[in-house]
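Chain residues, written in single-letter form:
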Amino acid sequence: MSLTQSKRALTATEVVTRLAKLEGWNLDGDGAAVVIQKTFCFADYAQTMLFVNAVAWVAQARHHHPELIVQFDRCLVRYCTHDVAGLSQADFDCAAAVDALPDAVNTSHS
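Residues numbered from 1 in each chain as written. Predicted model: local features only at pLDDT ≥ 70, side-chain atom pairs only at ≥ 80, totals over all residues. Heavy atoms only, no water.

Caption draft 1: Looking closely at the overall build of the protein. Assigned secondary structure in the protein consists of four helices and four strands. In the protein, the proportion of contacts linking residues at least 24 apart, taken out of those at least 6 apart, comes to 65%. Looking at the protein as shown, the accessible area adds up to about 6100 Å², and 56% of this sits on carbon and sulfur atoms. (Helix = DSSP H or I, 4+ residues; strand = E, 2+ residues; numbered from the N terminus. Contact = heavy atoms within 4.5 Å. Areas by Shrake-Rupley, 256 points an atom, 1.4 Å probe, with all protein chains shown as cover.)

Spelled out as structure tokens, the structure:
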């Protein structure tokens, strides 16, 4: 995928198609404020922080950073692409990468 293609806002149809391929991720908001999000749950704070650090590594490697809301035994991961005022392919690629993290298997879908 070219950099240009990943840096454009996806159409509503493209968003729905890509979202259907991600287990447990959902849409929140609308228009320029739309995000894809998923809550990951863990046994304790240490496991949560291991996951958060792994997500941070993915974000740095891909130069695409999510909003993370961290609590004792869970982390809400939210992606959007601010510079296109919507969702881009990068959001869905990063969501798939987060799902592939070893610590991501213990999740709660919300």
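Caption draft 2: Just the sheet that holds strand 2 (residues 35-41), in detail. On the basis of which strands lie adjacent, the open sheet formed by four strands has the order 1-2-4-3 and antiparallel pairing. Each edge of the sheet is formed by a strand with only one pairing partner; in this case those strands are strand 1 (26-28) and strand 3 (67-71). Pairwise comparison of adjacent strand axes, ignoring direction, gives a mean angle of 30 degrees for this sheet. Bridge count between strand 1 and strand 2: three bridges; the pairing is antiparallel. In the sheet register, Asp 28 faces strand 2, and the bridge partner there is Val 35. Strands strand 2, strand 3 and strand 4 (74-79) of the sheet are contacted by helix 3 (residues 45-62), whose axis makes an angle of about 170 degrees with strand 3. (Pairing = 2+ DSSP bridges. Axes fitted to C-alpha atoms, helices over the stretch in contact; angles between N-to-C directions.)

Caption draft 3: The arrangement of the pairing of strand 3 in detail. As paired strands, strand 3 and strand 4 are joined by five bridges and run antiparallel to one another. Note that in strand 4 the partner of Gln 71 across the bridge is Arg 74. Between strand 3 and strand 4, which pair antiparallel one after the other, the connecting turn spans two residues.

Caption draft 4: Expanded view of the pattern of salt bridges. Here the structure, examined in full by the defined rule, presents six salt bridges. Between Lys 38 and Asp 99 there is a salt bridge, with the nearest N and O atoms lying 2.9 Å from each other. Taken together, the residues Lys 38 in strand 2 and Asp 99 in helix 4 (residues 89-99) connect sequence positions 61 residues apart. For Asp 73, the salt bridge identified is with Arg 74, shortest N-O distance 3.3 Å. Residue class for Asp 73 comes out partly exposed when judged on its relative accessible area of 25%. When salt bridges that share partners are traced, they join Asp 28, Glu 67 and Arg 78 into one network. (Salt bridge = Lys/Arg side-chain N within 4 Å of Asp/Glu carboxyl O. Buried < 20%, exposed > 50% of the residue type's maximum accessible area, 1.4 Å probe, protein only.)

Caption draft 5: Molecular detail of the packing of aromatic side chains. In the structure shown here, the tally under the stated rule is five aromatic pairs. Their ring planes at 35 degrees and their centres at 4.7 Å tell us that Phe 40 and Phe 51 sit as a pair that is tilted. Pair noted here: Phe 40 is in strand 2 and Phe 51 is in helix 3, with a separation of eleven residues, a long-range link. Judged by its relative accessible area of 0%, Phe 40 falls in the buried class. Ring centres of Phe 42 and Phe 51 lie 5.0 Å apart, and the angle between their planes is 40 degrees; this geometry places the pair in the tilted category. Look at Phe 42 and you get buried, because its relative accessible area is 7%. On the accessibility criterion, Phe 51 (0% relative accessible area) is buried. Aromatic rings pair up to connect Trp 25, Phe 40, Phe 42, Phe 51 and Tyr 79 into one cluster. (Phe/Tyr/Trp six-rings, centres within 6.5 Å; stacked < 30°, edge-to-face > 60°.)

Keep in mind that these numbers describe shape and distance, not what the molecule does.
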